[in-house]
Every structure is written in structure tokens, then in C-alpha cells.
Amino acid sequence: MEYRLNKRTGEQISIIGLGTSYISSVSEKDAVEALQLAHEKGINYADLATAGAATFSYYGKALADVRKGYAIPSPFQRKL
Amino acid sequence: MRYQVHFSANYETGQYGWTTELETVKKQIDWMLRSLQTDYIDYGFIHCLDTQSDWEDYQKNGILEFLLEQKKQGVVRHIGLSTHTPALANMVLDTGLVDQMMFSINPGYDYHHGDYAKGSADERMALYRRYETEGIGISVMKPFSGGQLLDEKTSPFGKALTMYQCIQYALDKPGVLTVLPGIRNVEDVRQLLGFLEVSPEERDYSVLGTFTPQDALGSCVYCNHCQPCPAGLNIGLINKYYDLSTAGDTMAADHYAKLEKHASDCVNCGHCSDRCPFQVNQPEKMKQVASYFQK
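Position labels on residues start from 1 in each chain and follow its written sequence. For this description, chains carry letters from A and ligands carry numbers from 1, given in the order in which they are written. It should be noted that, the model being predicted, local features are given only for residues of pLDDT at least 70 and side-chain atom pairs only at 80 or more, the latter also being counted only at that level, while totals for whole chains, interfaces and linings use all residues.

(A) Seen up close, the environment of Glu 33 of chain A. Mapped onto the secondary structure, Glu 33 of chain A falls in helix 1 (residues 28-40). The spatial distance from the C-alpha of Glu 33 of chain A to the C-alpha of Asp 47 of chain A is 17 Å, given a sequence separation of 14 residues. Helix and strand assignments follow DSSP, with helices taken as H or I runs no shorter than four residues and strands as E runs no shorter than two, numbered in order from the N terminus.

(B) Quick look at the pairing of strand 7 (residues 137-141) of chain B. Residues and elements named next belong to chain B. The buried fraction of strand 7 is high, at 5 of 5 residues. Burial in this document is a count-based property: other C-beta atoms within 10 Å of a residue's C-beta are tallied, and the residue is buried at 20 or more, exposed at 12 or fewer, or partly exposed in between, with C-beta positions derived from the backbone. Of the two faces of strand 7, the one carrying Gly 137, Ser 139 and Met 141 and the one carrying Ile 138 and Val 140 are both buried. Relative to strand 7, strand 6 (residues 100-104) is paired through 5 bridges, and the arrangement is parallel. Along strand 7, the bridge assignment pairs Met 102 with Ser 139. For two strands to pair, DSSP has to find at least two bridges joining them. Bridging between strand 7 and strand 8 (residues 176-179) involves 3 bridges; their strand directions are parallel. Among the inter-strand pairings, Ser 139 is bridged to a residue of strand 8, identified as Thr 178. If the strands point away from the viewer and the path from the first strand over the helix to the second runs clockwise, then the crossover is right-handed. Assessed by its sense of winding, the connection that carries the chain from strand 7 through helix 7 (residues 163-171) to strand 8 is right-handed.

(C) The interface of chain A and chain B, seen in detail. Contact definition: two residues whose C-beta atoms, as placed from backbone geometry, lie within 7 Å. Taken together, the contacts link 51 residues of chain A with 51 residues of chain B. Contributing elements (two or more residues each) for the side of chain A that touches chain B: strand 1 (3-6), strand 2 (11-14), helix 1, strand 3 (45-47) and helix 2 (54-70) of chain A. With 8 residues, the single largest contributor to the side of chain A that touches chain B is helix 2 of chain A. Residues were grouped as follows: Ala, Val, Leu, Ile, Met, Phe, Trp, Tyr, Cys and Pro as nonpolar; Asp, Glu, Lys and Arg as charged; and all remaining residues, including Gly, as polar. Along the lines of polarity and charge, the residues of the side of chain A that touches chain B split into 25 nonpolar, 15 polar and 11 charged. Note: strand 3 of chain A against strand 1 (residues 2-7) of chain B, 3 bridges, orientation parallel. Paired with Asp 47 of chain A across the strands is Gln 4 of chain B, a residue of strand 1 of chain B.

The structure is reproduced here in C-alpha cells:
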């Protein structure tokens, strides 16, 4: 994978990322396998403006553990 | 994996919808985070604004304030904007809030074809340069114009382009960091990753020059089809640094200075102009660039 730098955030972003328009139309198994493969191959950026609600739980199932690795402890409690 | 999450997308019905009600936005963000099994958002997006009144409503209804509050609390790391409209993009960029922008870029939209072909070719290119100059990244949505460009029956050019040509086209635009094609399964992901393996010829989109509209001809799009230059100039990069510098990018002159060969090394042989699909008079351009940078 090749990466490009966002100069304002300092983050290296893969030149190929994921759009999620229709991933909600496939089974959870297919979606999770696809997302895990993308992660393994170095894709590190995904958009979540998607056609269907299922996309969010598919990402959760596939990548929640990976996301924990990125997290920086925050002194703030999430308040919504 | 970093996520772009959109503040005002609404999935209450199970399908995509759009809301400007603050309470619904709050509930939706909470639901998205729980479904994603995560407690942070890398890029919290001001979602899909295309008119000035969209932007005014977004502020008036408190959604922008909510997004900024989430950033202050550390839930949102950075702010993004998704839009299809250059005029609106410029308006929001003026606030200085935005670190990343999702914009629809493909040869169809850039050359006046398709639902989201907003702004002239020049206006769109000027916007991409502005992102690069201000260090804001672009993530590209609709790189294939919703698939239209991949089929000769639907392509506005009467000719199909390949996925890889479209991806390269988007990646060559100033400011672009990443292209986001839709995927559904492992085969789709493998096909996308194929981009990294194919030859430069398979990524070459110079065929576009044969159907570029008049107002876009004569402008370098940095496709590098002119290579190899007999005098060793990187003509695409020279053009890019010049365009960025004249758009106000203070780093561009430095980058230019570090090039091995400069516009003043042009021997005026015309090899580049003969090859240029976009009818750019490159030797003339090199004179202009050499006089601007004084080398």
C-alpha cells in the first residue's frame, strides 16, 4: 500500500480507501471478510456515509479490535 | 482503520436519510458509535452540504456546535466536510475548521457531465489547489461517477474508462490523499488492490484528451503522458508546483527549487506538446514558469 500525509492532522492515509455505499446489501460474513482483508492489506481509511444501517455493525464486528489499537486514551468522558 | 462519520446522516429507518434535527443527530451518532463498537471518530464530517442555506441551517440548528463540542471532548479527532459544490466548499473552508474534505472527483464531473458536475473545470481545479495549499486532504467519493464511466453505454464520453484509470485520475489531482470506491466483498477489495500492481499503461488516462471540452483544453492535468522528456524535466510536477505557487502555496517554490531539472532547462524540442493529450503548449509554459521562479 502507498500512503499520503494529511499535513494538518499528521496522519498517513492509504491512497485506496473504502467507500461503503452498498456493503449493507451483502451478508455479514461477506462484509466482515472484505473489511478484514482490506485492513490486512494496509487500507486504513473508510467512509461511513452508507446506503443501509447494517454497515455500522459490520464494521464493528470486523474492526472493533483493530480500532482499540489506534485509540489514544482521552481524559474526557464521552457526553452525548 | 480510520472512520469518516457524518453528522446529520440518519439511519432510523434502516436506510440512509438526512436530518437537520439536532436531537436526531445526537441519537444517531450515539447509535453509530455503539454499532461500530468504538468510542472515537477520526473525522467527524459536516455532512453533504451543497447550498449556502444548507450551511446556514447546519449552524442555526446547532449541529455544527454539537460536532465542535464532540471534538473538544475528544470523541471527534478532526473535522471534515462532504460536498459536491465548489462554491460551498470554499465558504466552509474559509472558517478554517476543516482538515479533510470528501469531494466527488472524476473526469465526468470535472468536464460537465453528470448529476454532481458542479462548477466549471477551472473552478474545480482551483478548489483542489486550494486544498493542497492549505494542507487539507481530499478523500474522493464517486470516483467512477456511480459506475457510469465504466460502461461505454452510460459513459458520457461514449467510451468506457477502467477503474484504474479513474483512480489514477483522481490521485493526480492536487490535495487528493485517498480514493474511496465502494466495496461489497472480498472480490471487490482484491480488484481495488490490483491498482497497486498494474503497469503505468493500465493507469494512463490520456485517452481523456480526445474528449476534453474546450474550456479544459490547454491546462496541464499532471497526467505525465508527456514523459519521458528528452531533457529530463518532470513537466507534470513543474506545472503542479507552478500552479500551486501561483495559488498561494508557500511551500511550492521550495519544492520546485529542489527539482533536479527546472523549466529553464527546457530545450524547446516540443516532444511534450506532441504527446500532450490536453493540447498544452508545454515549451511556452516552461518559459512562463522559468520566468516566474527565475530558473
